[in-house]
Amino acid sequence: MTKKLIVIILSVILCLAVVGGCFALYHKDAEKLEITFGSEQAVTLTTSVGGSTGKLNFNGAKLSPATPTATQEITLNVNTPNTEALAGLSGQLTVTLDGALKDAILLTASYLDGETPKNLNASNYVISLTLPLDQLPEVLTLTATLVDAGDATFAQNSNKSASISVTWEAIDWAPVEGGYYIVGEHSAWGVNKDAILLDKKMSSGETDKAAIESVHLKQGEKFKVVQWTRDGGINWDAATFDPKSKGVTILPEDRNNISPNADDDYFICVNKDNQLWIQPVSTIGK
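Residues numbered from 1 in each chain as written. Predicted model: local features only at pLDDT ≥ 70, side-chain atom pairs only at ≥ 80, totals over all residues. Heavy atoms only, no water.

### Notes on the overall build of the chain
Then, in step 1: Looking only at helices and strands, the chain features one helix and 24 strands.
Then, in step 2: Burial analysis of the chain (286 residues in total) assigns 43% to the buried set.
Then, in step 3: Accessible surface computed for the chain: about 14800 Å², of which carbon and sulfur atoms make up 48%. (Helix = DSSP H or I, 4+ residues; strand = E, 2+ residues; numbered from the N terminus. Buried < 20%, exposed > 50% of the residue type's maximum accessible area, 1.4 Å probe, protein only. Areas by Shrake-Rupley, 256 points an atom, 1.4 Å probe, with all protein chains shown as cover.)

Written as structure tokens, this is what we have:
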């Protein structure tokens, strides 16, 4: 069935400013943008806080040396009772810290992935999280903390402000949690829709973690196999190259990238010991 996504992109701005000797938190109602894809089934993404859609106020807390931390719970929803139909679809949560006061604020997020606690710190003032729409956490908690809550630093930050924006939107591609990918110039050295997933489904008797039966690689083309995880991003050292591999050369002076010796179709796998094996398909069994 073709899936129709009515995507509501919610951008919520939360301002932190010094008023009357303390940081005051304000909220602005969410703006929304609707985009339609395909036909038939509709899915709406929303954020909910305390029963009100798209409103963030950190419960009216005021950041100060006496109260250096404030938290805000966010519920991520998909407006459909048939969540099983969302398998394979993902939502992208982006939380951005901006403004003159941004260096004075530490922004973090936490949630439960099943029963496993997950904690994220902002990187370059941004928290970015990709979540499967059929397995969303019940609650995600944002925490804003003063980096230095001393009186002197607090006084220096008077009359400065910062903003926290939250966007929750459907995306048409998402990396596989724990997946192994071939990255290189073809994917701008990132795990994205142009990266190549080692997607062979392993049977119960096989010991490989991941594999791809055949992928065409060009002579001299540099690539690397990395692993992607939701909370850690790209793991560049996920697999150790097996020097007994055939038809390729490892480049230790170039971040241990791998280069094919000829234009060919290659079998690539990561075994149970995280060793990366590569071999031209035409040589298997010979």
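### Topic: the nonpolar core
Then, in step 1: L93, V95, L129, L140, L142 and I164 are the most contacted members of the largest nonpolar core, which totals 30 residues.
Then, in step 2: Mapped onto this core, the elements with two or more residues apiece are β8 (69-78), β9 (90-98), β10 (105-113), β12 (126-132), β13 (140-146) and β14 (161-171).
Then, in step 3: Discounting chain neighbours no more than four positions away, the residues touching L129 are G91, Q92, L93, Y111, L120, L140 and R230.
Then, in step 4: In terms of nonpolar packing, the next biggest core, distinct from the first, is built from 19 residues, L198, L217, F241 and V270 among them. (Core = buried A, V, L, I, M, F, W, Y, C linked by side-chain atoms within 4.5 Å. Contact = heavy atoms within 4.5 Å.)

### What to know about the environment of I258
Then, in step 1: Here I258 is to be found in strand β22 (residues 257-260).
Then, in step 2: Remark: the alpha-carbon pair of I258 and V225, spanning 33 residues in sequence, is separated by 8.8 Å.
Then, in step 3: Discounting residues that sit within four places of it in the chain, I258 has contacts with E221, K222, F223, F241, V248, T249, L276 and I278.

### A closer look at the sheet that holds strand β20 (residues 240-241)
Then, in step 1: The sheet built from four strands is open, its strands ordered β17-β23-β24-β20 with mixed pairing. Looking at the sheet topology across the chains shown, the edges are occupied by β17 (210-217) and β20.
Then, in step 2: Bridge count between β17 and strand β23 (residues 264-270): six bridges; the pairing is antiparallel. Paired with V215 across the strands is Y266, a residue of β23. (Pairing = 2+ DSSP bridges.)

### Section: the pattern of salt bridges
Then, in step 1: This structure, assessed with the given rule, holds two salt bridges.
Then, in step 2: Put simply, K222 and D254 hold a salt bridge, and the shortest N to O gap is 2.6 Å. With K222 in the loop between β17 and β18 (223-229) and D254 in the loop between β21 (248-251) and β22, the pair connects residues that are 32 residues apart, well separated along the chain.
Then, in step 3: Note on K222: relative accessible area 37%, which makes it partly exposed.
Then, in step 4: For the salt bridge of K272 with D273, the shortest nitrogen-to-oxygen distance reads 3.4 Å. (Salt bridge = Lys/Arg side-chain N within 4 Å of Asp/Glu carboxyl O.)

### Brief notes about the environment of L129
Then, in step 1: For L129, the position within the fold is in strand β12.
Then, in step 2: Taking the C-alpha atoms as reference, L129 lies 9.6 Å from W168; in sequence the two are 39 residues apart.

### Description of unusual backbone geometry
Then, in step 1: A positive phi angle, near 55 degrees, is found at N124, a position not held by glycine.
Then, in step 2: Structurally, N124 can be placed in the loop between β11 (116-121) and β12.
Then, in step 3: The class for N124 is exposed, based on a relative accessible area of 70%.
Then, in step 4: Backbone geometry at Y125 places phi at a positive 70 degrees, although glycine is not the residue there.
Then, in step 5: Mapped onto the secondary structure, Y125 falls in the loop between β11 and β12.
Then, in step 6: Residue class for Y125 comes out partly exposed when judged on its relative accessible area of 30%.

### Remarks on the environment of L101
Then, in step 1: In this structure, L101 sits in the loop between β9 and β10.
Then, in step 2: The class for L101 is buried, based on a relative accessible area of 1%.
Then, in step 3: Put simply, L101 and A162 are 61 residues apart on the chain and 4.8 Å apart in space, counted from C-alpha to C-alpha.

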